[in-house]
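Here is how the chains run, residue by residue.
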Amino acid sequence: MPSSLDARQVTVHHGPRTVLRDVDLTVHPHSRTGLIGPNGSGKSTLLRVLAGLETPDSGRVTRTGTVGYLPQVAGEDDQTARHLIHHRTGVADANRALEREAARLASGDLDAIDAHAAALDRWMALGGDDLEPRIAIAADEVGLDGALLDRPLNRLSGGQAARVGLAAIRVSRHDVLLLDEPTNHLDHDGLALLRRILEHRGGIVLVSHDRAILDDTVEQLVVLGDPDQPPGTALNHTGDYAAWERRRNEQHRRAHAEHEQAVDVRDQLRAAEDETRRRASAAQRRASRGGRGLPDPDKHNREWVKSRADGVQHRAKVIAGRAAAVEIPDKPWELPTLRLQLTAAERRNGTAVRLDGIRVRRGGWTLGPLDLALTYGDRVLLTGRNGSGKSTLIGVLTGRIAPDDGEVTVAPGTVIAELGQARDRLAGYAPAGGEDAVRGRPRDRHDAQETARSRANGTTVDAVRALTGQDETEARTALAAFGLSAEVVQRSPATLSPGELTRAELAVLAATRTTCLVLDEPTNHLDIASLEAVEAALADWPGALVVASHDARFRGALAVNRTVELGR
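Residues numbered from 1 in each chain as written. Predicted model: local features only at pLDDT ≥ 70, side-chain atom pairs only at ≥ 80, totals over all residues. Heavy atoms only, no water.

K.L.:
Any chance you could explain empty space enclosed by the protein here in plain terms?
P.N.:
Overall, the coordinates contain 2 cavities of 30 Å³ or more when judged by the stated rule. Together, 13 residues line the largest cavity, and Thr183, Asn184, Asp210, Thr523 and Asn524 are the ones closest to its centre. Split by residue class, the lining of the largest cavity holds 2 nonpolar, 7 polar and 4 charged. (1 Å grid on protein atoms, 1.4 Å probe; cavity = no way out; pocket = protein on both sides within 12 Å on 5 of 7 lines; lining within 4 Å. Points joined across faces, edges and corners; volume = space filled by probe spheres on them. Nonpolar A, V, L, I, M, F, W, Y, C, P; charged D, E, K, R; others polar.)

K.L.:
When you look at the confidence of the model for the chain in this model, what are you seeing that I'm missing?
P.N.:
Atom-level detail of predicted coordinates should not be read off regions where pLDDT is low. Put simply, the chain has an average pLDDT of 81, and 84% of its residues get 70 or more. Across residues 430-457, where pLDDT falls below 50, the model places 52 contacts with residues more than four positions away in sequence or in other chains. (pLDDT = per-residue confidence, 0-100. Contact = heavy atoms within 4.5 Å.)

K.L.:
Could you clarify how one ought to interpret the sheet that holds strand β1 (residues 5-14) in this entry?
P.N.:
Backbone hydrogen bonds hold the strands of a sheet together, and the pairing may be parallel or antiparallel. Strand order in the open sheet made by the 3 strands is β2-β1-β4, with antiparallel pairing throughout. The open sheet has two edge strands, β2 (17-27) and β4 (58-63), and neither has a second partner. Across the sheet, the mean angle separating the axes of adjacent strands is 20 degrees when strand polarity is ignored. For β1 and β2, the ladder comprises 7 bridges, and the chain directions are antiparallel. (Pairing = 2+ DSSP bridges. Helix = DSSP H or I, 4+ residues; strand = E, 2+ residues; numbered from the N terminus. Axes fitted to C-alpha atoms, helices over the stretch in contact; angles between N-to-C directions.)

K.L.:
Teacher, can you tell me more about the pattern of salt bridges here?
P.N.:
Here the idea is simple: oppositely charged side chains can pair when their charged atoms come close. Applying the stated criterion across every chain, the model contains 32 salt bridges. With a closest N to O distance of 3.7 Å, Asp130 and Arg173 form a salt bridge. Taken together, the residues Asp130 in the loop between α4 (112-125) and α5 (131-141) and Arg173 in the loop between α6 (158-171) and β6 (176-180) connect sequence positions 43 residues apart. Taking the relative accessible area as the measure of exposure, Arg173 reaches 37% and is therefore partly exposed. Between Asp187 and Arg385 there is a salt bridge, with the nearest N and O atoms lying 3.9 Å from each other. Of this pair, Asp187 sits in the loop between β6 and α7 (188-199) while Arg385 sits in the loop between β12 (379-383) and α11 (390-398), and the two are 198 residues apart along the sequence. On the basis of relative accessible area, Asp187 is assigned to the buried category, the value being 1%. Judged by relative accessible area, which is 46%, Arg385 ranks as partly exposed. Through salt bridges with shared partners, one network takes in Arg100, Glu101, Arg104 and Asp109. (Salt bridge = Lys/Arg side-chain N within 4 Å of Asp/Glu carboxyl O. Buried < 20%, exposed > 50% of the residue type's maximum accessible area, 1.4 Å probe, protein only.)

K.L.:
In this structure, what is going on with the nonpolar core? I would like to understand it.
P.N.:
As a rule of thumb, nonpolar side chains are buried together in soluble globular proteins. Among the nonpolar cores identified, the biggest contains 48 residues, and Ile36, Ile85, Val164, Leu179 and Leu206 are the most heavily contacted of them. Ignoring anything within four residues of it in the chain, the contact list for Leu179 reads Leu47, Leu70, Ile169, Leu198, Ile204, Val205, Leu206 and Val207. By size, the runner-up hydrophobic cluster in this structure holds 32 residues, among which are Leu496, Leu501, Ala504 and Leu531. (Core = buried A, V, L, I, M, F, W, Y, C linked by side-chain atoms within 4.5 Å.)

K.L.:
Honestly, a nonpolar patch on the surface in this entry has me stumped. Any pointers?
P.N.:
Together, Leu105, Leu110 and Ile113 make up an exposed nonpolar region whose accessible area comes to about 280 Å². For Ile113, the position within the fold is in helix α4. For Ile113, a relative accessible area of 46% gives the class partly exposed. (Patch = residues over 30% accessible without salt bridge, like charges linked within 9 Å, V, L, I, M, F, W, Y side chains within 5 Å. Areas by Shrake-Rupley, 256 points an atom, 1.4 Å probe, with all protein chains shown as cover.)

K.L.:
Before we go on, may I ask you to explain the side chain of Thr18 in this structure?
P.N.:
Mapped onto the elements of the fold, Thr18 is located in strand β2. For Thr18, a relative accessible area of 18% translates into the label buried. Polar side-chain contacts of Thr18 include one of 3.2 Å to the side chain of His13. (Polar contact = N/O pair within 3.5 Å; in protein donor to acceptor, adjacent residues only side chain to side chain.)

K.L.:
What should I look at first to understand the layout of surface pockets in this one?
P.N.:
Empty space among the atoms becomes apparent when a probe as large as a water molecule is rolled across them. Taken as a whole, the second largest pocket encloses approximately 390 Å³ of empty space. If you go around the second largest pocket, you meet 17 residues; those closest to its centre are Val67, Gly68, Tyr69, His87 and Asp93. Counting residues per element, the ones that place at least two in the lining of the second largest pocket are β5 (67-70) and α2 (81-88). Counted by class, the lining of the second largest pocket contains 6 nonpolar, 7 polar and 4 charged residues.

K.L.:
Explanation requested: the sheet that holds strand β3 (residues 32-36) in the structure shown.
P.N.:
Within the open sheet, the 6 strands sit side by side as β5-β6-β7-β3-β8-β9. Their pairing is mixed. Two strands bound the open sheet, and with one partner strand each, they are β5 and β9 (234-238). Ignoring which end each strand starts from, the neighbouring axes of this sheet average 15 degrees apart. Alignment of β6 against strand β7 (residues 204-207), held across 4 bridges, turns out to be parallel. Paired with Leu179 across the two strands is Leu206, which belongs to β7.

As structure tokens, then:
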């Protein structure tokens, strides 16, 4: 089968860091490839290289047909949704090329005839002749009000912007689509539509941390950032994510067993060496005392004892050599898991937070009236389409939003911690005297001093210290546990990527003594390893838990005991 895109031995360096090392990837007209790996492992860099937007330091990329790069829709962008779709489908660039060649023809330049024909063919192939009616149909299909198409992206909600990206995928006619995290901010209906769109598309390279989407849509995986491989190395796997997960877990189990078995053999040989040397030393001591204590202390018997002791020492050396020769495989690397623990004093009975008849009004939209009581040990899942009020309800629970009607009661001693959807708590840490980013935590002179220090120095370490009260060593250790290097934590939180900022938030959360934990779309921007760490921690966490998430695998791992559906 001919390939639409073929990358060979692609290597990229960013300064002294090797981002990609000898990466191979082939995309066929009907293939669907998943690209996974930790945040910062080079996934977006590889997509940009494949799209021709970044030149590799070595290696080559061959493209047949058109390649479309569709990154996440930037909510801060001031261009309109319609303009973004024109750009992402390639029609905007093709139209400019067509107009340029048409102008040459109009000026009488006959050499432009072939170039104009080629530009027209490209414009037609990308769907330029009927793009506008197809955009209108796609907007309706993805649930996006047509009036929003001419609104700047920075005036759209995260869910609306995600649906603009979905509409761009729907109308695109590129031979190969390079999709960077298209699932972020999509609700259940949006995810189902993405599945249907991708089901009928070929030539796809999909970067995603949504394991259910990877299971449903991809046929092969490229894995970057494996901790047991050199930096930048790619592992290729034929099959979906579930097959890769089984293979990875089996390899991990086998590697653990081989490591433990080798250590056990070495330890047994060392124990045998120690016992042999002990016996040899005892025999030598007896021989050196002139035979005293021997049954027959004559000269020949003493010589026999000394010879025996020397033989035992030789055997000890042989055993030591065997112990030293035992090859100990490297112990499999493991990401430290997030641990959220309550002290005995913080384990309570009864209601932690109660909402009675609350209403929140925003223009013509109203949430409520709504009643909700959270007891310690509750695990509540909030569901509903984007815009149904999940984030608003979470804002009421945490005290960030005051309801227009109704009453919110927080039990004495209750501490509420939130991992927010915006991921900006660290970067926007409140100044001394303002609202604490970790709610319920008392402010004191130490907090104020650390906050001032954070603002002055601007490092992530100082920001974490300000939020947690940890010393520098504790803060660095906590950040390292979530995969943030010494170089990263010395940067300002404002410079961190969304994934790095979320990892820093998780480090803060792990150090927070809380009785009620609130997670608003926590899987956006988290890589799979971090997701698994969060799931493992939440499995045994005994406090009250409220989660809004559209990630099917994440929701399934929480073992919720109550569901609150909004917007019915």
